[in-house]
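# Observations on the three-dimensional arrangement
The lines below spell out each chain.
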Amino acid sequence: MGTSFSGRTGRAPVRHFYTRDSWIDGRAEDQLAQVAGWSGMQSVAGFPDLHPGKFGPVGAAFLADRIYPQLVGTDIGCGMGLWRLDLPRRKLKLDKAAKRLEVLERGTDPAQAADALAAVGLTGQIGEAGLGTIGGGNHFCELQTVEETDGTAGLRKGDLCLLVHSGSRGYGAQIFDGLEDSWKAGFDPQSAAGNAYLALHARAVAWARLNRRLIAETAADALGTTVTPLCDSVHNSVAAHQGHWLHRKGAAEADRGLVPLAGSREAPSFLLALPDTVPESLSSVSHGAGRRYDRASMHGRIRKVRSELEALTRTRFGGRVICHDRDLLIEEAGPAYKAPEAVLADLTAFGLATPLARMVPLITYKTSGGQR
């Protein structure tokens with residue numbers, strides 16, 4: 001790769017791609033500054049969806065001369081994919097569609113999962129358990145309708161889309177938990193430990209991409225239609241970049257041209273075009289609105305009474321939320337997230353993105369009771 005392992009100990013420059021008007025948790029900015037001081041760190045970029053994480057902030061990119069698995073996290077390959085449905089909006093019946101999407105709970109048939117793994121060269125490298133399932137936390141499969149578009153991405157007003165947010169399920173966590181303790185100081189890219197991590201990481205990323213595709217295809221099949229892929233962008237990963245190693249944690253790949261910017265159940269999502277012309281952004285951009293309140297604090301903001309919980313299953317757009325896990329229903333409620341419009345305003349102001357389409361949620365599917 002031509003990577004140098006300099007052991008740099010000075011503080012790396014930090015570039016903030018958000019304005020003073022943005023709501024940013026001070027703890028996340030402290031984490032951003034802390035990571036900038038890690039050995040071998042070359043450059044750091046923080047985006048307007050920045051919020052605190054376990055080992056470092058989410059909504060940021062980090063360029064280093066070594067590999068820091070903790071900056072990728074446990075859900076290696078997590079990302080978002082957007083597909084256009086070949087189904088007219090007028091033929092969609094929300095309640096019937098919501099019921100049909102419960103098929104997502106089962107995941108991909110084992111025989112089909114094995115064939116899918118073989119098709120992408122993963123047979124014998126990573127298992128099929130969980131393939132085609134969404135998972136817990138902030139993951140979802142969302143049926144959306146296009147409200148506004150300039151038409152350049154093959155979308156028209158009124159089109160139906162599927163936005164899928166999922167990752168490598170338990171495999172990324174297994175990889176991370178199985179690492180030797182030296183990950184805390186970063187792996188030398190030329191070391192056996194570094195090479196072993198990169199190989200496992202590559203498999204998890206490929207599995208996660210496949211997982212999102214199978215979720216979209218299963219959802220489309222349940223709705224009696226097919227899908228056309230628009231984009232798929234990983235936002236938890238590490239990759240070689242300009243002689244160093246670029247880590248993204250909750251930061252989408254700007255070098256792929258198009259990415260979705262996820263909102264929330266109560267807010268729109270956007271399809272963005274990315275010029276990737278600002279070197280300091282490290283070929284990265286926001287992946288979504290970003291959390292305003294952490295999961296624990298959300299339990300103190302919403303009363304656990306039937307009326308309020310039932311209200312969380314309907315949105316201001318007239319949409320449905322399918323989430324039979326009460327904790328997830330509360331933790332992922334719309335108020336937990338920042339306004340995606342504000343995040344988009346910062347991205348456009350810094351020349352990082354141009355909106356191509358605005359989509360609003362019709363059905364947000366998380367779980368009908370079997371997954372967590």
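The following paragraphs examine the structure supplied in this document.

The rules we used
Residues numbered from 1 in each chain as written. Predicted model: local features only at pLDDT ≥ 70, side-chain atom pairs only at ≥ 80, totals over all residues. Heavy atoms only, no water. Core = buried A, V, L, I, M, F, W, Y, C linked by side-chain atoms within 4.5 Å. Buried < 20%, exposed > 50% of the residue type's maximum accessible area, 1.4 Å probe, protein only. Helix = DSSP H or I, 4+ residues; strand = E, 2+ residues; numbered from the N terminus. Contact = heavy atoms within 4.5 Å. Salt bridge = Lys/Arg side-chain N within 4 Å of Asp/Glu carboxyl O. Phe/Tyr/Trp six-rings, centres within 6.5 Å; stacked < 30°, edge-to-face > 60°. Lys NZ or Arg CZ within 6 Å of the ring centre and 35° of its normal.

It is worth spelling out the nonpolar core at this point. Within the largest apolar cluster, 25 residues are counted, with the highest numbers of intra-cluster contacts made by L85, L92, L104, C141, L143, L162 and I363. Contributions of two or more residues to this core are made by β4 (79–85), α2 (94–100), β5 (140–149), β6 (160–166), α5 (192–222) and β15 (354–367). A per-element tally of this core places α5 first, with 4 residues. Residue contacts for I363: discarding those within four places in its chain leaves L94, A97, A98, L101, C141, E142, L143, R320 and I322. L274, L282, V285 and L347 belong to the second largest nonpolar core, which has 22 residues in total.

Another aspect to go through is the environment of N195. Topologically, N195 is positioned in helix α5. Classification of N195 as partly exposed rests on a relative accessible area of 42%. On a C-alpha basis, the gap between N195 and R100 in space is 43 Å, while along the polypeptide they are 95 residues apart. Once you skip the residues sitting within four places of it in the chain, N195 turns out to touch P189 and Q190.

The next point concerns the pattern of salt bridges. If the charged atoms of two oppositely charged side chains come close together, the side chains can form a pair. In the structure shown here, the tally under the stated rule is 16 salt bridges. A salt bridge links E102 to K99; the nearest nitrogen and oxygen atoms lie 3.7 Å apart. According to the relative accessible area criterion, E102 is partly exposed, its value standing at 27%. One salt bridge in this structure joins R256 and E253, with 3.3 Å as the shortest N-O distance. By relative accessible area, E253 is classed as buried at 9%. Put simply, R209, R212, D232, E253 and R256 are held in one network by salt bridges that share partners.

For any pair of aromatic rings, the description rests on two quantities: the centre-to-centre distance and the angle between the ring planes. Counted according to the given criterion, the structure contains 9 aromatic pairs. Ring centres of F55 and F176 lie 5.5 Å apart, and the angle between their planes is 50°; this geometry places the pair in the tilted category. Of the two residues, F55 is situated in the loop between β2 (41–51) and β3 (58–64) and F176 in helix α4 (residues 170–177); the sequence distance between them amounts to 121 residues. Residue class for F55 comes out partly exposed when judged on its relative accessible area of 28%. Among the residues examined, F176 registers a relative accessible area of 7% and is labelled buried. Taking the centre distance of 6.3 Å and the plane angle of 55° together, the rings of F187 and Y197 count as tilted. Here Y197 lies in helix α5 and F187 lies in the loop between α4 and α5, a separation of 10 residues in the sequence. You can call F187 buried: its relative accessible area is 3%. Accessibility expressed as a relative area gives 1% for Y197, which makes it buried. Of the aromatic side chains, those joined through ring pairs into one cluster are F17, F47 and F350. Taking the ring centre of Y337 as reference, the NZ or CZ of R291 above it sits at 5.1 Å.

Take it as geometry only, folks, not as evidence of what the structure does.
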